[in-house]
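Given next are the chains, with one letter for each unit.
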Amino acid sequence: MSASTFPAASAVATTASGLADLPALPPVLNCADVTGLDLAGVTDAPVTIRSATVVSTGAPYCEVRGTIAPANTIVMRLPVNGWTQRYLQTGCGGLCGNATITYGQAATCQPIADGTVASATTDMGHQGQNDGSWAAGNPQAQIDFAYRGVHVTAQVAKAVIAAFYGRRPAYSYFNGCSDGGREGLMAAQRYPNDFDGIAAGAPANNMAVQNTFHHAWNVLANRDADGAAILLAAKLPLIHTAVLAACDTLDGLRDGLIDDPRLCRFDPATLHCRTGQDAATCLSKAEATVVKRLHDGAVDARGRRLEPAIAHEWGSELEWTLFVPAAQGQTVASENFALSYLRYLARPNDPRPDYRLTDLKFTVESFWQTVLPSSTYLAAMDPDLTAFQRGGGKLLLWHGWNDQHIAPQSTLAYYDALRETTDGRFARLYLFPGVAHCGGGAGPNTFDVLTPVMAWVESGRQPGRITAANVVAGSVTRTRPVFPYPAVARYDGTGSADDAANFVAVTPRKPVRNDNRWIGQSLYSSGYQTWPRAVAGKLVIPPAPHPR
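How each quantity is defined
- Residues numbered from 1 in each chain as written.
- Predicted model: local features only at pLDDT ≥ 70, side-chain atom pairs only at ≥ 80, totals over all residues.
- Heavy atoms only, no water.
- 1 Å grid on protein atoms, 1.4 Å probe; cavity = no way out; pocket = protein on both sides within 12 Å on 5 of 7 lines; lining within 4 Å.
- Points joined across faces, edges and corners; volume = space filled by probe spheres on them.
- Helix = DSSP H or I, 4+ residues; strand = E, 2+ residues; numbered from the N terminus.
- Nonpolar A, V, L, I, M, F, W, Y, C, P; charged D, E, K, R; others polar.
- Phe/Tyr/Trp six-rings, centres within 6.5 Å; stacked < 30°, edge-to-face > 60°.
- Buried < 20%, exposed > 50% of the residue type's maximum accessible area, 1.4 Å probe, protein only.
- Disulfide = S-S within 2.5 Å.

1. Observations concerning the layout of surface pockets
Roughly 390 Å³ of volume is contained in the largest pocket. Around the largest pocket, the lining is made up of 20 residues, and of these Arg262, Cys264, Arg265, His295 and Ile310 lie nearest the centre. In terms of residues, the lining of the largest pocket owes the most to one element, helix 6 (residues 285-296), which gives 3 residues. Considered class by class, the residues forming the lining of the largest pocket number 9 nonpolar, 3 polar and 8 charged.

2. Examining the packing of aromatic side chains
To describe a pair of aromatic rings, you give the distance between the ring centres and the angle between the ring planes. One pass over the full model with this rule turns up 21 aromatic pairs. Centroid distance Tyr191 to Trp531: 5.7 Å. Interplanar angle 90°. Geometry classified as edge-to-face. Here Tyr191, found in the loop between helix 3 (179-190) and strand 7 (197-201), pairs with Trp531, found in the loop between strand 13 (503-506) and strand 14 (533-535); they are 340 residues apart in sequence, far enough to count as distant. In this structure Tyr191 comes out as buried when scored by relative accessible area, which is 17%. A relative accessible area of 44% means that Trp531 is categorised as partly exposed. On the basis of an interplanar angle of 65° and a centroid distance of 5.4 Å, the ring pair of Trp217 and Phe362 is categorised as edge-to-face.

3. Looking at empty space enclosed by the protein
Counted by the stated rule, this structure contains 4 cavities of 30 Å³ or more. The volume enclosed by the largest cavity comes to roughly 260 Å³. Lining the largest cavity are 25 residues, and of these Asp259, Leu431, Pro433, Val488 and Ala489 lie nearest its centre. At the level of elements, strand 11 (475-482) and strand 12 (488-491) are the ones that each hand at least two residues to the lining of the largest cavity. Of the volumes computed, that of the second largest cavity is approximately 90 Å³. Every residue lining the second largest cavity is listed: Asn206, Val209, Gln210, His214, Glu307, Pro308, Ile406, Ala407 and Ser410. Considering each element in turn, the lining of the second largest cavity owes the most residues, 3 residues, to helix 4 (residues 207-220).

4. A closer look at the state of the cysteines
Summed over all chains, the structure comprises 5 disulfides. Residue pairing for Cys31: its cysteine sulfur links by disulfide to Cys62, the two sulfurs lying 2.0 Å apart. Linking Cys31 and Cys62, the disulfide has an S-S dihedral of approximately 75° and is accordingly described as right-handed. Taken together, the residues span a long stretch of sequence, with Cys31 in the segment before strand 1 (47-55) and Cys62 in strand 2 (residues 61-68) at a distance of 31 residues. Among the residues examined, Cys31 registers a relative accessible area of 9% and is labelled buried. In this structure Cys62 comes out as buried when scored by relative accessible area, which is 0%. The partner cysteine of Cys247 in its disulfide is Cys264, sulfur to sulfur 2.0 Å.

Next comes the structure, spelled out in structure tokens:
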């Protein structure tokens, strides 16, 4: 790949962790001199470096801040006491608008922890206003958020690194979760030479569906005819306890975790209130219906799915406070997510600031009218990563089974499409039991997704066991292994069930077949994606074939 300048993995001396044993290089420039670099022609627009200062907290680094025209903020960290020739670009979440380097589930990766990796990030072309209003009348910001911001940041960061250290990165990586996961997939799809390895967590690659029908359904499925919430958050622990009672031991252990929620056949009707029962200890029929609707996901009046099957997995109920209110009248986060998109991004040239959730119609016709205009350039659904694979790229996808924001089923559907389109040998998927959106949750939720990608790229060591931990007040209370899908971890019957060493990988003899039948399943395909242009204040989107 053009991202790499180092020899093939088989020719590189490696460390015990499988990383290339690269010599650390000192800078050849003073930090302050970065502001004077001539970066003309590095990318498709002017670059302005506003500041470059040494930060001495922890491992010292040169912090560089600048702008890639018209409005992409870039922030870099360049180690000053020994750079191990690696570049890591980090993604951001939500609708971005903030340039902050966050390592997330890569923080414990050794080159990150010891401060020897050069890193960068971007706000993707706009600042603040995470309500989507930044997109109104700003077509270039929409393009930058969709895909350009990450690409031009990679171009500029590598040029700065080459000037600061006297050589380009030997290896370049991307790590992101949520929208950052979408950004990583978008890079692999549209700019396959930008990165050698990508760790994409809980990717919002199905953004146009997720931030419309998915989140709107989260809210509207829980309202009665008068607009009041039917289910309140106080009932969520009751539901969660019942789900665990029904499904916790499916994997052979009673440990508060469901290893594969797709095997759980919980029926909310089992919690229906009996005559005279305390209402706090059971569900009304209306509440139980809401629970099932939230689990199953958006459908039209005929029951046709408007999002992938299973919007929220069994076992994730404690995380449903994202969309189940604590009290009547509370505006839940799902409503804000949906309105931000429906008002400002679903129709690229037609902002509708007064749009309400009740304006969204749950019909097939409305689905395509709502989703398709922005999907052609904002969604990262193309499974054909042949060019990325051909250049030696490696992809690690991961998702928490208890994700309350983005359905794990969407990532499973993309992974299935990827393996049907390519040979899949360059990609791995990890599913973490009990882990919520990008971390948190009851399951072991602290783990390193970057080292496996680096080792795969640098020495050819294929990803295997990833050990995840629960950390409470700085102490590890439980560890569990997670294996590449479809393998799962099974207790070997010896020692503590809280110790990852006592688990082995088992591939089910009859793996669960994902039900990918839904109205938008053709979105996981190639050929309809476009490259819009900003012309006279409008987003000009080239005509594209309907993915159907």
